Structure formats: structure tokens, C-alpha cells
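Listed here are the chains, written in short residue letters.
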Amino acid sequence: MTVSTASRQDADQIVRTVIDPIKPLRVAAEFGPDERTAKVTAAIAALAESGMDPATAAIARDFVKRGRLLQPLSSFDRIVREARSATGQKDDSERKSASTELVEIACERYEFGLGDGGETFAVAKAGPRIALMLRGGRTSLRGQLARDFFSRTGRAAAQASLADALMVIEGMAQEQDESRLYLRAASLDGALWLDLGDQAGRAVRVTASGWSIEADAPVLFRRTALNGPLPDPARGGALDDLWTWLNVAEDDQPLVIAWLVAALFPDIPHPVLGIFGEQGTGKTTAARVLASLLDPGPVPVRKPPRDAESWVTAASGSWVVAIDNLSDIQPWLSDSLCRAVTGDGDVRRKLYTDGELAVFSYRRCIILNGIDTGAMQADLADRMLPVDLALITE
């Protein structure tokens, strides 16, 4: 059986449409200023007349908005409405689905982006400049979008509608240039930034001349369920106050201070702070205090991970990772710890996929505590900053 040239051309056209459903609009946007508005208007009308589905309409509207191709943006809705009316299609208000409404709400209230690790995120247009991952728990766009939808419509969005909307939004985010996302600590133009973790999105700016609390940071922070708020720093403190909480020997105190300061620099390797001592020396308390100084959360110290997967889960959500009561360091854990302090990455298969890969690349500040960790791999020993605690007698 042979395929006619016409049939082959029709098939090719279908494939091109599926791959890029708004290609006519992209072509129109390439025209010069004198012709662009007319060409864009004609392309939008043609898409609407061809029966453009809600998801494609949302993508087209976002493309027009980002490129500032029509002023005002409401012209897009008018052109679509008039084109559909001329071809006898139902009005948009009659055919709009919940997933389309969710996409429209998201486009109105958020900007979308692509992280340097390939993760997609959203940032509120009005409010703290905090990156919300598209999927996840309470810190994700999914939860915020469900709440916004209920506030506007008085209806709860179905899971399927949220999934469809997020798929469209993810496609929009993938079109953006990569942006770096920071977790708790950041640096830019000679200044260090520490995310306070509050709802206002404030951060502490540290420079050679001093520090200040700023309402807006010029970097994008992301947060997880493991990141809690830091108290506002106060002036006039003294380092001696720290030693009322930690029974660190005087000779080791400069090592602890150096480790704390180094943790504010996100782009350098950090030594693993090893807190060692006999039973009753307050090792867990010391790890908890040090972790909470920089990156407080609901679980400041954690039990040792059982395998590489659980380690990735633990390390990806916190800037400071404190592991409690470590009695033995397996080779895989030693290798994972070394990778985390130097910023090396790892590759694993994404959950619920056949072959898609996820890249985990992060640098973390790590605290270990234990009585005797046994023999230690040479690479980890080279990266270890050991601190011994004295027995608490009172």
C-alpha cells in the first residue's frame, strides 16, 4: 500500500501542530514592529478559528504576555472571543474547564521559571520573592493554586484538573532561561544573604562593612518543609554566649566558629563537623544548637540514613544536615557525605517513570555526632573537622 503525497503532507502538518501548537504565533512575533501587531492578531484569530483548546490558549496567552506582543493583554481575549463567535464556536465562558481556570489564575498571580537543576518553579508577582516548586506539599505551587482557585470560585479543584493545569504550567516554565535557586544561604556581588524563612520573605545581608535585615533579596530562595523561620538577629551579642550552650574545649572553639562562618558561603566546600565524646557529653544537644543557629526546622537532628535514597531525601531539604548517634559509617554513606560537602552530583531514575533521570546536585553543611564511628574512609577523614566534648558533670 502506498501513501499519497497529499496524505503525507497532511500527516506532517499534524505532527508539526502537536509539537508546537502555537507555531503561527511564534512566526508572527518575528516580524518587525510595523507589522508585528497585525500579524500577531491574525495568528491568534487563526488559532481560535481552528478550534484552539484551552491548554493551547493558555500557552498562547502566556507567550503574548511575556513577549509584550499586544497592549493591553486583554486584547488577546477579545480577539479569541470574536474569532470563535465568527465561526459559531461557544463563548469561552461556556467552554472553560477547571484546569483552564487554574492555569489562568496561575498566569495572573505567578511568574514561572526553571531552576539550574532542571526543577520548575513559580514566584508570586505580588509578595515574597520565594520560589515555589510546582509539585510537593505545603510549600509548593500546587497547594497555593488549589487555595487560590477555591477563593475565586468557591469550588474545590479536582485532582485531575490540578494535574492538567500543572502540566501546562510546567511547559511554560520549561521555556524560561535557567535561574539559580538558593537554599537558606546565598551570595551575590560581594554580599552574603541568609534567608530568615519568614512569610514576609526577609533576608539578612552580610558584607565586609556590616549586616542588615532586608525586605527583598536580589536572589531567589526556595524552601522545603524542613526549613523553619530564624529569629531576627540582634546587635550587641557576644560569641561567649554560645559556650553556655556548648561544652566545647577552649582550643576547639575557634574551629566551631570557623565552621559556622563558612556555612554562610554557599559556593565553597565545607568541612564535615564531627562532634565526638563519651555518653553524657551533650553531643545531640550540641548538634541541635549548631544546626538551629543556621537552618532551624522541625527535625534539627536526624537518625542516620539507611541507604542512598533516604540520604538524598534528607540532604535535599536542608542547608544544614545534622546526623545523630552515628555508630558506623558505611562506604556508600562516606561517599555520599564527601559528595555533599564538595557539591558533586548524583543521577537517579525519577519515581514513576521508566527511564527519565533526575539529577541531584547540591552542596550541604553537615554535622555528625557519635561516640565511636569506627574506621573512617580516607576521603571523609580528609574532610572531617573533629571537635571533642567534655563530660558534663553538673
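For the structure, check the block above.
Residues numbered from 1 in each chain as written. Predicted model: local features only at pLDDT ≥ 70, side-chain atom pairs only at ≥ 80, totals over all residues. Heavy atoms only, no water.

**Topic: the pairing of strand S8 (residues 203-207)**
Here is step 1 of the chain: For strand S7 (residues 191-195) and S8, the ladder comprises 4 bridges, and the chain directions are antiparallel. Each residue of the ladder has a partner; that of Asp 195, found in S8, is Ala 203.
Here is step 2 of the chain: Strand direction decides the pairing type here: S8 and strand S9 (residues 210-214), joined by 5 bridges, are antiparallel. Its bridge partner being in S9, Ala 203 is matched across the sheet by Glu 214. (Pairing = 2+ DSSP bridges. Helix = DSSP H or I, 4+ residues; strand = E, 2+ residues; numbered from the N terminus.)

**Description of the sheet that holds S7**
Here is step 1 of the chain: Strand order in the open sheet made by the 4 strands is S6-S7-S8-S9, with antiparallel pairing throughout. Unpaired on one side and paired on the other, strand S6 (185-188) and S9 mark the two borders of the sheet. Ignoring strand direction, the axes of neighbouring strands in this sheet form an average angle of 25°. (Axes fitted to C-alpha atoms, helices over the stretch in contact; angles between N-to-C directions.)

**A closer look at empty space enclosed by the protein**
Here is step 1 of the chain: Scanning all chains against the criterion turns up 4 cavities of 30 Å³ or more.
Here is step 2 of the chain: As for the largest cavity, its lining consists of Pro 128, Arg 129, Ile 130, Gly 201, Ala 215, Asp 216, Ala 217, Val 219 and Phe 221.
Here is step 3 of the chain: In the lining of the largest cavity, the residues fall into 6 nonpolar, 1 polar and 2 charged. (1 Å grid on protein atoms, 1.4 Å probe; cavity = no way out; pocket = protein on both sides within 12 Å on 5 of 7 lines; lining within 4 Å. Points joined across faces, edges and corners; volume = space filled by probe spheres on them. Nonpolar A, V, L, I, M, F, W, Y, C, P; charged D, E, K, R; others polar.)

**Considerations on helix H10 (residues 253-262)**
Here is step 1 of the chain: Among all positions of H10, only Gln 253, Val 256, Ile 257, Trp 259, Leu 260 and Ala 262 are buried.
Here is step 2 of the chain: Those residues of H10 that are buried are in contact with strand S11 (272-276), helix H11 (283-294), strand S13 (320-323), strand S16 (365-370) and strand S17 (384-388). (Buried < 20%, exposed > 50% of the residue type's maximum accessible area, 1.4 Å probe, protein only. Contact = heavy atoms within 4.5 Å.)

**Brief notes about the packing of aromatic side chains**
Here is step 1 of the chain: Overall, the coordinates contain 0 aromatic pairs when judged by the stated rule.
Here is step 2 of the chain: When the ring centre of Trp 211 is taken as reference, the NZ or CZ atom of Arg 235 above it lies at 3.9 Å. (Phe/Tyr/Trp six-rings, centres within 6.5 Å; stacked < 30°, edge-to-face > 60°. Lys NZ or Arg CZ within 6 Å of the ring centre and 35° of its normal.)

**Considerations on the environment of Arg 135**
Here is step 1 of the chain: Its place among the elements puts Arg 135 in the loop between strand S3 (130-133) and helix H8 (141-153).
Here is step 2 of the chain: Residue Arg 135 is classed as partly exposed on the basis of its relative accessible area, which comes to 42%.
Here is step 3 of the chain: Each C-alpha atom, one on Arg 135 and one on Ala 163, is 9.5 Å from the other, the two residues being 28 residues apart in sequence.

**Re the side chain of Arg 223**
Here is step 1 of the chain: Relative to the assigned elements, Arg 223 resides in the loop between strand S10 (220-222) and H10.
Here is step 2 of the chain: You can call Arg 223 buried: its relative accessible area is 16%.
Here is step 3 of the chain: In this structure the side chain of Arg 223 is engaged in a polar contact, spanning 2.9 Å, whose partner is the side chain of Asp 195.
Here is step 4 of the chain: A distance of 2.7 Å separates a polar side-chain atom of Arg 223 from the backbone oxygen of Asp 198.
Here is step 5 of the chain: Every residue in contact with Arg 223, bar those within four places of it in the chain, is listed here: Ile 130, Ala 131, Thr 139, Asp 195, Gly 197, Asp 198, Gln 199 and Gly 201. (Polar contact = N/O pair within 3.5 Å; in protein donor to acceptor, adjacent residues only side chain to side chain.)

**Some points on the packing of helix H7 (residues 98-109) against helix H9 (residues 159-174)**
Here is step 1 of the chain: One way to put it is that H7 packs onto H9 with a least axis distance of 8 Å and a crossing angle of 45°. One element, H7, and the other, H9, form an angle in the oblique class. H9 is crossed by H7, and the crossing has right-handed handedness. Each of Ala 98, Ser 99, Leu 102, Val 103, Ala 106 and Cys 107 in H7 lies in contact with H9, whose residues at this interface are Ser 161, Leu 162, Asp 164, Ala 165, Val 168, Ile 169 and Met 172.
Here is step 2 of the chain: In the contact of H7 with H9, the residues fall into 10 nonpolar, 2 polar and 1 charged. (Parallel < 35°, antiparallel > 145°, perpendicular 65-115°, else oblique. Left-handed = near helix turned anticlockwise from the far one by under 90°.)

**Observations concerning the packing of helix H3 (residues 33-49) against helix H5 (residues 74-86)**
Here is step 1 of the chain: The contact between H3 and H5 brings their axes to 8 Å, and the two run at 45°. If you check the angle between H3 and H5, you find them oblique. With respect to the hand of their crossing, H3 and H5 are arranged in right-handed fashion. Here H3 contributes Thr 41, Ile 44, Ala 45, Ala 48 and Glu 49 to the contact with H5, which in turn contributes Phe 76, Ile 79, Val 80, Ala 83 and Arg 84.
Here is step 2 of the chain: Of the residues assigned to the contact of H3 with H5, the class counts are 7 nonpolar, 1 polar and 2 charged.

**A word on unusual backbone geometry**
Here is step 1 of the chain: Geometrically, the link from Gln 71 to Pro 72 is a cis peptide bond, its omega value of 0° lying close to zero.
Here is step 2 of the chain: Counting through the fold element by element, Pro 72 comes out in the loop between helix H4 (54-67) and H5.
Here is step 3 of the chain: Of note, Arg 184 is a non-glycine position whose phi angle comes to about 70°, a positive value.
Here is step 4 of the chain: Inspection of the secondary structure assignment puts Arg 184 in the loop between strand S5 (181-182) and S6.
Here is step 5 of the chain: Among the residues examined, Arg 184 registers a relative accessible area of 2% and is labelled buried.
Here is step 6 of the chain: Even without glycine at this site, Asn 325 takes up a positive phi of about 50°.

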